[in-house]
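Geometric and topological summary
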Amino acid sequence: MNLNHLEYFLEAINCKSITKASEKLYLSPATLVTAIKSLEKELGYQLLIRSHSGVTPTAAGIQIYNDILKIQKITQSWYSLDKINNLINSVSIKVVPSIYESIGSHLSIELLEAYPNIFLDITPLYSRNFEKEFYENTIKIAIGSYHEIDKISIEAFARNSNLKLDILFEDYYIIYYGAKNEYFSGKNAVNLDEYKLMERVIFHSQKTFECEMNEFYNKFLPLFTFEQLLEYISTHNCVTVLPSILQNHNFFSNGKVCTCPFQDCHKKIWFYMLSHPENQLSFAERSVRDYIKVYFHSRFS
């Protein structure tokens with residue numbers, strides 16, 4: 001079968017005229033008629049009804065017409081196989097622990113449903129900055145956080161390193177404490193003086209364990225899962241300051257850990273995504289990056 005004859009037949013129906021179809025195909029009307037008659041002879045039945053007003057398909061012609069459209073759709077998809085092949089790829093994303101523990105699994109599930117051919121690796125990164133990893137090109141997409149003090153340095157790093165910086169959503173810090181902590185359990189909010197103390201000491205307990213914020217993130221937190229950390233808070237009725245997004249964690253359903261907001265809610269935190277320039281990302285990486293932006297904007301904006 002001559003595939004060109006299928007195209008000619010399709011155009012004749014679209015134009016409803018042999019003359020108009022032949023003009024679009026740069027053929028003579030006689031050549032077009034001969035091609036369609038050849039197709040009809042090969043199939044063994046009539047495809048078109050010809051009249052002075054034009055051409056209309058027979059019942060068999062309509063079936064053939066619809067089948068040709070399906071074939072066209074399939075063949076057009078062949079031209080995008082390079083993109084599909086790129087999707088059969090791995091995408092590694094480094095994420096700050098608070099995002100990883102609170103909604104990382106949900107995000108992974110959605111991404112896998114949207115892109116089943118991607119091998120997705122979402123892992124927590126406990127360092128409070130991604131400079132080294134980006135300089136060494138070990139990661140191309142990272143989700144981090146900053147507050148007012150870090151804002152300028154992060155923006156400068158992104159600009160100087162030619163990285164794309166996307167703000168995903170705005171959050172704020174709150175107090176997490178064991179349900180039996182007598183001091184916090186009676187409070188509706190924490191005032192500024194109490195907050196300054198909590199900023200100085202990010203984590204403390206009745207066992208007089210104490211560490212500064214950076215030490216907490218870089219040394220203490222990597223030794224624990226968030227389940228273990230929250231269990232420790234519950235067992236010792238101690239206190240920590242963490243982003244409010246962690247309230248999405250399933251652990252809070254048992255009531256062993258409670259939260260207390262700051263009175264003026266002035267301590268904001270911004271979660272952002274850093275990524276390499278467009279031309280340095282694979283099709284899979286660009287797809288995942290764009291999906292992440294939509295995911296956070298649709299839920300937290």
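For the structure given in this document, a descriptive report is provided here. (Residues numbered from 1 in each chain as written. Predicted model: local features only at pLDDT ≥ 70, side-chain atom pairs only at ≥ 80, totals over all residues. Heavy atoms only, no water.)

Right, let's talk about the side chain of Asp171 for a bit. Mapping Asp171 onto the fold places it in strand 6 (residues 164-178). Buried and unpaired, Asp171 has no salt bridge, with Lys268 as the nearest side chain of opposite charge at 10 Å. Engagement of the side chain of Asp171 in a polar contact is seen with the side chain of Ser244, the distance being 2.2 Å. A polar atom in the side chain of Asp171 sits 3.0 Å from the backbone nitrogen of Ile245. Once residues within four sequence positions are removed from consideration, Asp171 is found in contact with Pro243, Ser244, Ile245, Lys268, Ile269 and Phe271. (Helix = DSSP H or I, 4+ residues; strand = E, 2+ residues; numbered from the N terminus. Buried < 20%, exposed > 50% of the residue type's maximum accessible area, 1.4 Å probe, protein only. Lys, Arg positive; Asp, Glu negative; His and termini not counted. Salt bridge = Lys/Arg side-chain N within 4 Å of Asp/Glu carboxyl O. Polar contact = N/O pair within 3.5 Å; in protein donor to acceptor, adjacent residues only side chain to side chain. Contact = heavy atoms within 4.5 Å.)

What follows deals with the pattern of salt bridges. One pass over the structure, following the stated rule, counts eleven salt bridges. In this structure, the salt-bridge partner of Arg299 is Glu110, at a minimum N-O distance of 2.5 Å. Separated by 189 residues along the polypeptide, Arg299 in helix 13 (residues 283-300) and Glu110 in helix 6 (residues 97-114) bring together distant segments of the chain. Since its relative accessible area comes to 40%, Arg299 is described here as partly exposed. Of the residues examined, Glu110 reaches a relative accessible area of 23% and is grouped as partly exposed. Glu278 is paired through a salt bridge with Arg289; the nearest N and O atoms lie 3.0 Å apart. Linking Glu278 in the loop between strand 11 (268-275) and helix 13 with Arg289 in helix 13, this pair joins segments that are eleven residues apart in sequence. We classify Glu278 as partly exposed; its relative accessible area is 44%. Residue class for Arg289 comes out buried when judged on its relative accessible area of 3%. Bridged by salt links that share partners, the residues Glu278, Arg286, Arg289 and Asp290 form one connected network.

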